[in-house]
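Chain by chain, the residues:
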Amino acid sequence: MSVVTRTRPLAKMAAPMASRAVGVSSVRAYNGTPRAQNKVTVVGAAGGIGQPMSLLMKLSGKIDHLSLFDIVNTPGVAADIGHCNSKGKVMGYKGAEEMAAALDGSDVVVIPAGVPRKPGMTRDDLFNTNASIVKGIAEQCAKSCPKACFLIISNPVNSTVPIFSEVLKASGVYDPAKLMGVTTLDVARAKTFVAENQGMDVDKVEVDVIGGHAGTTIMPLLSQVKGANFTEEDIKALTHRIQFGGDEVVKAKDGAGSATLSMAHAGAYFAEKVLDGLNGVKDIKECTFVESPLTSAPFFASPCTLGTEGVSEIHGYGQLSPFEQSLVDDNVPALVKMAQKGIDFVKNN
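Residues numbered from 1 in each chain as written. Predicted model: local features only at pLDDT ≥ 70, side-chain atom pairs only at ≥ 80, totals over all residues. Heavy atoms only, no water.

(A) Here's a closer look at the nonpolar core. Counting residues in each nonpolar core, the largest one holds 84 residues, and the members touching the most others are F150 and F164. Here this core takes 9 residues from helix α9 (residues 260-278), the largest share from any one element. The two domains that each donate at least three residues to this core are domain 1 (39-183) and domain 2 (184-338). In contact with F164, other than residues within four places in its own chain, are I111, V134, I137, A138, C141, F150, I152 and L179. (Core = buried A, V, L, I, M, F, W, Y, C linked by side-chain atoms within 4.5 Å. Buried < 20%, exposed > 50% of the residue type's maximum accessible area, 1.4 Å probe, protein only. Helix = DSSP H or I, 4+ residues; strand = E, 2+ residues; numbered from the N terminus. Domains from an automatic or database assignment. Contact = heavy atoms within 4.5 Å.)

If you want it as structure tokens, here you go:
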């Protein structure tokens, strides 16, 4: 079966106010067996993020076939989750020899695989181990489900998304509209912390978070929150808390883990939104880390419209406050460096 692919040249610079429509391929072709409607595969499904995320996705009732893969223990996880009385069959696969079967014909692949953060570790400290893991997963995805949407949770996202893109490019199956770094937890934290600070209903708070998914590259646009009245001190404190919310959880768990449950929620939520877009639901806009023309960084998170072929439009980030503009100016070079680190890893390994 031939696979139709589409590549899009990268625009290095574009006006930050601009929005960009993404062209889509008219053909969706898959290798292997016919796909089930709405097949979602979780790679890393037996881990601290993967298990609760898989449970939430099963309970959503939106997935006909939930495929769970990990190195060990996945059949047990699948059997357990499969007893929940909600729509969809659950299959578990373990070991490298079963990875192809787990991925075959997937519409969406969610990837929380890799080692977790430990006290004192930055996301970039995880690079050496997780880069190899993500590269291997990407290589199998290119063979088993080249037209799927790939949602990357494995840290450091600022480098693992470029790694994934380079592997897909090498296989001739890269579609930038279908590769997304999951930054939803940054948005969830922003909404939660802003609602607490302002006494707002968290269900009605909207906060865009742009940039990346590590430390100061996480840039919440608090100046654009409707109805908010922040002091300068509020903005600085909230921005720092949103940027380093993961450290808050690692410290609170006293070395026993990282932000697994909140990340599971964020990953499941974003996967459901991607599925909704694939199924034709209109006007879905979420922040995600994608190949982007908005800055000189090759990948950048901003609000994106999700459609029937993945990301259909990348939106600009609007008018920034001087504080926010300084964050962008300071952190775009870091995003460029982190992306290059991922690209270089693939070239050298």
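The structure having been displayed, the exposition proceeds.
(B) Inspection of the side chain of E324 at higher detail. Within the secondary structure, E324 is located in helix α10 (residues 322-348). Nearest to the buried, unbridged E324 among oppositely charged side chains is K236, at 13 Å. With near-sequence residues (within four places) excluded, E324 lies in contact with P220, L221, L222 and S223. (Lys, Arg positive; Asp, Glu negative; His and termini not counted. Salt bridge = Lys/Arg side-chain N within 4 Å of Asp/Glu carboxyl O.)

(C) Seen up close, α10. Over its 27 residues, α10 runs 40 Å from end to end, which matches the ideal 39 Å to within 8%, given 1.5 Å per residue. Listing the buried residues of α10 in full gives E324, L327, V328, N331, V332, L335, A339, G342, I343, F345 and V346. (Expected span 1.5 Å × (residues − 1).)

(D) Structural detail: unusual backbone geometry. The step from N155 to P156 runs through a cis peptide bond, and the omega angle for that step is -5 degrees. Within the fold, P156 resides in the loop between β6 (149-152) and α5 (157-170). At N73, a position not held by glycine, the phi torsion is positive, near 70 degrees. In this fold, N73 is placed in the loop between β3 (65-70) and α2 (74-82).

(E) Summary view of the pattern of salt bridges. According to the stated counting rule, one finds 9 salt bridges in the structure shown. Between K62 and D276 there is a salt bridge, and its shortest N-O distance comes to 3.0 Å. With K62 in the loop between α1 (50-59) and β3 and D276 in helix α9, this residue pair connects regions lying 214 residues apart in the sequence. Here K62 falls in the partly exposed class, since its relative accessible area comes to 30%.

(F) Spotlight on the packing of aromatic side chains. A complete count under the given rule lists 4 aromatic pairs for this structure. Between F127 and F345 the ring centres are 5.7 Å apart and the planes differ by 85 degrees, which places this aromatic pair in the edge-to-face class. Separated by 218 residues along the polypeptide, F127 in helix α4 (residues 127-144) and F345 in helix α10 bring together distant segments of the chain. Per residue, the accessibility class of F127 equals that of F345, and both read buried. (Phe/Tyr/Trp six-rings, centres within 6.5 Å; stacked < 30°, edge-to-face > 60°.)

(G) Structural view of the packing of helix α6 (residues 184-198) against helix α7 (residues 232-243). Taken N-terminus to C-terminus, the directions of α6 and α7 make an angle of 145 degrees; their axes are 9 Å apart at the nearest point. Crossing of α6 over α7 shows right-handed handedness. Along the contact surface, α6 presents D186, R189, A190, F193, V194, E196, N197 and Q198, while α7 presents D234, L238, R241 and I242. The residue inventory of the contact of α6 with α7, partitioned by class, reads 5 nonpolar, 2 polar and 5 charged. (Axes fitted to C-alpha atoms, helices over the stretch in contact; angles between N-to-C directions. Left-handed = near helix turned anticlockwise from the far one by under 90°. Nonpolar A, V, L, I, M, F, W, Y, C, P; charged D, E, K, R; others polar.)

Purely geometric stuff here, so don't read any function into it on its own.
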